[in-house]
Amino acid sequence: MQSRNSRLNSSALRGAVDLAAVKAAGEAAQKAEQTRAERARQAAAGDGPALADHPLVLDVTEDTFESEVVQRSTEVPVVVDFWAEWCGPCKQLSPILERLAEEYAGRIVLAKIDVDANPLIAQQFGIQGIPAVMAVVAGQLVPLFQGAENESNVRKVLDQLIAVAEQRFGIVGTAAGGATEEAAPRVPVDPALEAAHEALDRGDLGGAVQAYQNVLSDRPGHVEAKLGLAQAQLLQRVEKLDPQQVRTEAAADPKDVQAQLRAADLDLVGGHVEDAFGRLVDTVAKTFGDDRDTVRLRLLELFEVIGPEDPRTVAARQALARVLF
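A quick note: this is a predicted structure, and the numbers were derived from the prediction, not measured.

Topic: the overall build of the protein chain
1) Next: Check the secondary structure of the protein chain and you find 13 helices and 5 strands.
2) Next: Within the protein chain, buried positions represent 47% of all 325 residues.
3) Next: Accessible surface, the protein chain as shown: approximately 15100 Å² in total, 50% of it carbon and sulfur.

Here it is as structure tokens:
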């Protein structure tokens, strides 16, 4: 899902999965498949342009963001470059991104956003410094890295983004120069996760948790199963909570470990990642013994949900180390 040193891997793309539903990746993949089918129909009928007819590098504004980034991301990973004219490091990074977008010939599209001209988009993405590079895949946000990087590191990030887009969402882009969506290779769903997907389709979070655990018992390093398990367990914990009651109890007693754990879970599901992490770090600082260890372990679980290379996880891990040591 974000890495300051560009060491992106599958776990770093966890931001691509919507915490509001564990099966968001599957739903996004289904939408992407529907979009590809419609594109193929239009191409066959001559009703619409092929993806290869679109530019590979384009300037995006608040008015065109929905069509050029969100909708397009159902066909190809869209890399978003946040820049400004006054930004020196941006002038080093942007040409690298542009050159690689052309070289990759349709496997990615580069959308350039001037943060001065489009402050609303920058605000919505939570951009705090530039250059910042993110991606959108099947409508899902995928933070990549912040700061200037050399071409070798950028290439690694893009290669791994493309791989995860294929494996998780079945999105492979289209080679420039006339290839069609129908010619793109299809990536099969991992059969090991089929039981978990079926459980999620039924709304059975407990069944999904068990299915993910079954996968991990045979393949402890299975990245998608680890992510799915962490998220399914999170959603299972908050499923029957009363948000108002939880927040009232947490505010009444900052040392009530269970109250703080419940509130942190709600924070994370609501997208308030820094609040969730900060709450638990503060609770670790206020507790001792078994209580402290309980909070610490929950915080590590939430790090797993967001991804270890996400800057918010990195900052929270550093904060945790300071209160522990």
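That covers the picture; the talk isn't over yet.
Overview of the pattern of salt bridges
1) Next: Enumeration over the complete set of coordinates arrives at 15 salt bridges.
2) Next: Residue Lys112 pairs with Asp81 through a salt bridge whose shortest N-O separation is 3.3 Å. Note that Lys112 is positioned in strand 3 (residues 109-114) and Asp81 in strand 2 (residues 78-83), a separation of 31 residues in sequence. The pair formed by Lys112 and Asp81 is uniform in burial state, with each residue classed as buried.
3) Next: For Glu301, the salt bridge goes to Arg237, with nearest N and O atoms at 3.6 Å. Of the two residues, Glu301 sits in helix 12 (residues 289-306) while Arg237 sits in helix 8 (residues 223-238), which places them 64 residues apart along the sequence.

Points about the pairing of strand 5 (residues 140-146)
1) Next: The element strand 5 is extensively covered by neighbouring structure, given that 5 of its 7 residues are classed as buried.
2) Next: The pairing of strand 4 (residues 132-137) with strand 5 spans 6 bridges and is antiparallel. Looking at the pairing, Val136 lines up with Leu141 of strand 5.
3) Next: Linking two consecutive strands that pair antiparallel, namely strand 4 and strand 5, is a turn of 2 residues; a positive phi of about 55° is found at Ala138 within it.

Looking at the nonpolar core
1) Next: Ranked by internal contacts, the top residues of the largest apolar core, which has 42 residues, are Tyr212, Leu268, Phe277, Leu280, Leu299 and Leu302.
2) Next: When contributions to this core are tallied by element, the ones reaching two or more residues are helix 6 (194-201), helix 7 (205-218), helix 8, helix 9 (243-252), helix 10 (257-269), helix 11 (273-286), helix 12 and helix 13 (311-324).
3) Next: Contact partners of Leu280, with chain neighbours within four places excluded, come to Gln260, Leu261, Ala264, Val295, Arg298, Leu299 and Leu302.

A closer look at the packing of helix 10 against helix 12
1) Next: Packing of helix 10 against helix 12 leaves a shortest axis separation of 10 Å and a crossing angle of 10°. Here helix 12 runs roughly parallel to helix 10, going by the angle between their axes. For the pair helix 10 and helix 12, contact is made by Val257, Leu261, Ala264, Asp265 and Leu268 and by Asp291, Thr294, Val295, Arg298, Leu302, Val305 and Ile306, respectively.

Here we look at the packing of helix 10 against helix 11
Between two packed helices, the angle of one axis relative to the other and the distance separating the axes together describe the packing.
1) Next: Packing of helix 10 against helix 11 brings their axes to within 7 Å, and their N-to-C directions diverge by 160°. Accordingly, the angle class assigned to the pair helix 10 and helix 11 is roughly antiparallel. When you trace helix 10 past helix 11, the crossing you get is left-handed. Contact with helix 10, carried on its side by Gln260, Leu261, Ala263, Ala264, Asp267 and Leu268, involves Val273, Asp275, Ala276, Phe277, Arg279, Leu280 and Thr283 of helix 11 and no other residues of that element.
2) Next: Residues belonging to the contact of helix 10 with helix 11 are distributed by class as follows: 8 nonpolar, 2 polar and 3 charged.

Examining the pairing of strand 3
1) Next: Buried residues dominate strand 3, accounting for 6 of its 6 residues.
2) Next: Covered by surrounding structure in strand 3 are Val109, Ala111 and Ile113 together with Leu110, Lys112 and Asp114, the residues of both alternating faces.
3) Next: Alignment of strand 1 (residues 57-59) against strand 3, held across 3 bridges, turns out to be parallel. Considered in strand 3, the bridge of Val57 is made with Leu110.
4) Next: Inspection of the sheet shows strand 2 paired to strand 3 by 6 bridges, in the parallel sense. Across the sheet, the residue bridging to Asp81 is Lys112, located in strand 3.
5) Next: As a crossover connection, the stretch from strand 2 through helix 3 (residues 88-104) into strand 3 is right-handed.

Notes on the side chain of Asp114
1) Next: On the secondary structure map, Asp114 appears in strand 3.
2) Next: The side chain of Asp114 is buried and forms no salt bridge, while Lys112, the nearest opposite charge, is found at 9.3 Å.
3) Next: Ignoring sequence-local partners within four residues, the contact set of Asp114 consists of Trp83 and Ala84.

Details of the environment of Glu68
1) Next: You can see Glu68 is positioned in helix 2 (residues 65-71).
2) Next: A C-alpha to C-alpha distance of 8.6 Å links Glu68 and Leu58, two positions 10 residues apart in sequence.
3) Next: With near-sequence residues (within four places) excluded, Glu68 lies in contact with Leu58, Val60 and Val78.

Definitions and limits used
Residues numbered from 1 in each chain as written. Predicted model: local features only at pLDDT ≥ 70, side-chain atom pairs only at ≥ 80, totals over all residues. Heavy atoms only, no water. Helix = DSSP H or I, 4+ residues; strand = E, 2+ residues; numbered from the N terminus. Buried < 20%, exposed > 50% of the residue type's maximum accessible area, 1.4 Å probe, protein only. Areas by Shrake-Rupley, 256 points an atom, 1.4 Å probe, with all protein chains shown as cover. Salt bridge = Lys/Arg side-chain N within 4 Å of Asp/Glu carboxyl O. Pairing = 2+ DSSP bridges. Core = buried A, V, L, I, M, F, W, Y, C linked by side-chain atoms within 4.5 Å. Contact = heavy atoms within 4.5 Å. Axes fitted to C-alpha atoms, helices over the stretch in contact; angles between N-to-C directions. Parallel < 35°, antiparallel > 145°, perpendicular 65-115°, else oblique. Left-handed = near helix turned anticlockwise from the far one by under 90°. Nonpolar A, V, L, I, M, F, W, Y, C, P; charged D, E, K, R; others polar. Right-handed = clockwise from strand over helix to strand, strands pointing away. Lys, Arg positive; Asp, Glu negative; His and termini not counted.

Fair warning: the whole summary comes from geometry, so function is off the table for now.
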